[in-house]
Amino acid sequence: TVTNNSKAIQKAIDDCGSKGGGVVYFRPGVYVSGAIFIKSNVHLRIDKGVTILGSQHFWDYPDIDTRIAGIEMKWPAALINFLKVKNASISGEGVVNARGKFCWDKYWQMRKEYDEKGLRWIVDYDVKRVRTVLVQESSDVTITGLTYKNAGFWTIQLLYSHHITVRGVIIRNNEDGSGPSTDGIDVDSSSWVLIENCDIDCNDDNFCLKAGRDWDGLRVNRPTEY
């Protein structure tokens, strides 16, 4: 549970995608990983007996162009990313433990400094906490099953995407303490989304509909609908 397996996992996903797609799965065990990127036509399967532990180093999550709390900016990639893909999925009865306490600790430390200066609202943007699953500019993506634990920030963000299904996920974000604003599922300027049979325990929104913040939301001008 010490070795970072990101490169090996990513190579398997890339090889599968380059051959037209298929299923990538794990032998039973515990695997540490930083950001991984699912490809079109790839189904990542995390079966019972498999646990993915998120890396606790910010450098294992490279910055990407995305949107956070309604404003477009550069931000660390999520632990599991679907970026500009079609017909991709993740499923199983395994566990994805993001181990986000390293993000929470940084957040609470900065809150002390920022609150004194009357800058509470900007902390979320400056801490750059890591999301667990990001679906961005993608379509026909299915997220089924799995238990997601201790998200550093939001657990599942569906951004600028359409025809997305999230079914039967379990989210437990308070096992390692109190995870600040660890939303469950955020639907963000996306459409044709089905979310059903989920069991969520977190410290902010279990489900949330978003479509941008203030002037930046008006600039992007993409609704959440259907």
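Use the structure listed above.
Predicted model, so just to flag it, every value in this text is computed and none were measured.

Draft legend 1. View of the overall build of the chain. If you tally the helices and strands in the chain, you get four helices and 20 strands. Its C-alpha radius of gyration of 17 Å places the chain within 12% of the 17 Å reference for a compact globule of 226 residues. Overall, the C-alpha framework of the chain stretches about 50 × 40 × 30 Å when taken along its three principal axes. The burial tally for the chain puts 51% of its 226 residues in the buried class. Within the chain, residue pairs in contact and separated by at least 24 positions form 65% of the contacts whose partners lie at least 6 positions apart. As displayed, the chain offers around 10,400 Å² of accessible surface, 51% of which is attributable to carbon and sulfur atoms. Separation of charge centres in the chain, based on 28 positive and 29 negative side chains, amounts to 5 Å.

Draft legend 2. Layout of the sheet that holds strand β2 (residues 29-33). Across the sheet, which stays open at both edges, the six strands sit in the order β2-β5-β10-β13-β16-β19 with parallel pairing between neighbours. The sheet is open, and its two edges are formed by β2 and β19 (199-201), each paired on a single side. Averaged over all neighbouring strand pairs, the angle between strand axes comes to 15°, with direction disregarded. Across three bridges, strand β16 (residues 170-172) lies against β19 in parallel orientation. Across the sheet, the residue bridging to I171 is I200, located in β19.

Draft legend 3. Molecular detail of the side chain of T66. Tracing the backbone through its elements, the reader meets T66 in strand β6 (residues 63-68). Accessibility expressed as a relative area gives 4% for T66, which makes it buried. A distance of 3.1 Å separates a polar atom in the side chain of T66 from a polar atom in the side chain of R131. Only 2.7 Å separates the side chain of T66 from the side chain of Q136, close enough to count as a polar contact. Ignoring anything within four residues of it in the chain, the contact list for T66 reads I71, E72, M73, W75, R131, L134, Q136 and L159.

Draft legend 4. Structural view of the pattern of salt bridges. All told, the structure shown has 15 salt bridges when counted by the stated rule. A salt bridge links D14 to K39; the nearest nitrogen and oxygen atoms lie 3.9 Å apart. Pair noted here: D14 is in helix α1 (residues 6-18) and K39 is in the loop between β3 (36-38) and β4 (42-45), with a separation of 25 residues, a long-range link. Since its relative accessible area comes to 30%, D14 is described here as partly exposed. For R219, the salt bridge is made with E72, and the minimal N-O distance between the two is 2.8 Å. Within this pair, whereas R219 is found in helix α4 (residues 214-220), its partner E72 is found in strand β7 (residues 71-76), the two being separated by 147 residues in sequence. Overlapping salt bridges, with partners in common, bring together E72, D216 and R219 in one network.

Draft legend 5. Examining α1 more closely. Between the first and last C-alpha of α1 there are 18 Å, a value that for 13 residues agrees with the 18 Å anticipated at 1.5 Å per step. Within the sequence span of α1, burial applies to S6, I9, Q10, I13 and C16. Buried residues of α1 fall within an arc of 125° about the axis and therefore sit on the same side. Residues of α1 that are exposed and point more than 90 degrees away from the buried face comprise K7, A8, K11 and S18. Next to the buried residues of α1 lie β1 (22-25), β2, β3 and β4.

About the criteria used
Each chain has its residues counted from 1, following the order in which its sequence is written. Confidence filtering applies because this is a predicted model: local features only for residues at pLDDT of at least 70, side-chain atom pairs given and counted only at 80 or more, and all residues used for totals across whole chains, interfaces and linings. Excluding hydrogens and water, the side-chain values take into account all heavy atoms of the structure. The way it works is that DSSP assigns letters per residue, a run of H or I at least four long becomes a helix, a run of E at least two long becomes a strand, and they are numbered from the N terminus. Atoms counted for the radius of gyration: C-alpha only. Globule rule: 2.2 Å times the number of residues to the power 0.38. A simple rule labels every residue: compare its accessible area, found with a 1.4 Å probe on the protein chains alone, to the largest value its type can have, and call it buried under 20%, exposed over 50%, or partly exposed in between. What makes two residues a contact is simply this: any of their non-hydrogen atoms within 4.5 Å. Note on areas: Shrake-Rupley, 1.4 Å probe, and residue coverage restricted to the protein chains presented here. Only four residue types enter the charge count: Lys and Arg as positive, Asp and Glu as negative, with His and the chain ends excluded. Taken as the charge location is NZ of Lys, CZ of Arg, CG of Asp or CD of Glu. Any two strands with at least two DSSP bridges between them are considered paired. In this description, a line fitted to the C-alpha atoms serves as the axis of each element, helices being fitted only across the stretch in contact, and the angle between N-to-C directions of two axes falls anywhere from 0 to 180 degrees. The term polar contact refers here to a pair of N or O atoms within 3.5 Å; inside protein, the definition further demands a hydrogen-donor-capable atom paired with an acceptor-capable atom, and it admits residues adjacent in sequence only when both atoms are side-chain atoms. For this analysis, a salt bridge means a side-chain nitrogen from Lys or Arg found within 4 Å of a carboxyl oxygen belonging to Asp or Glu. Each residue after the first adds 1.5 Å to the expected span of a helix. Along the arc lie the directions from the helix axis toward the C-beta atoms.

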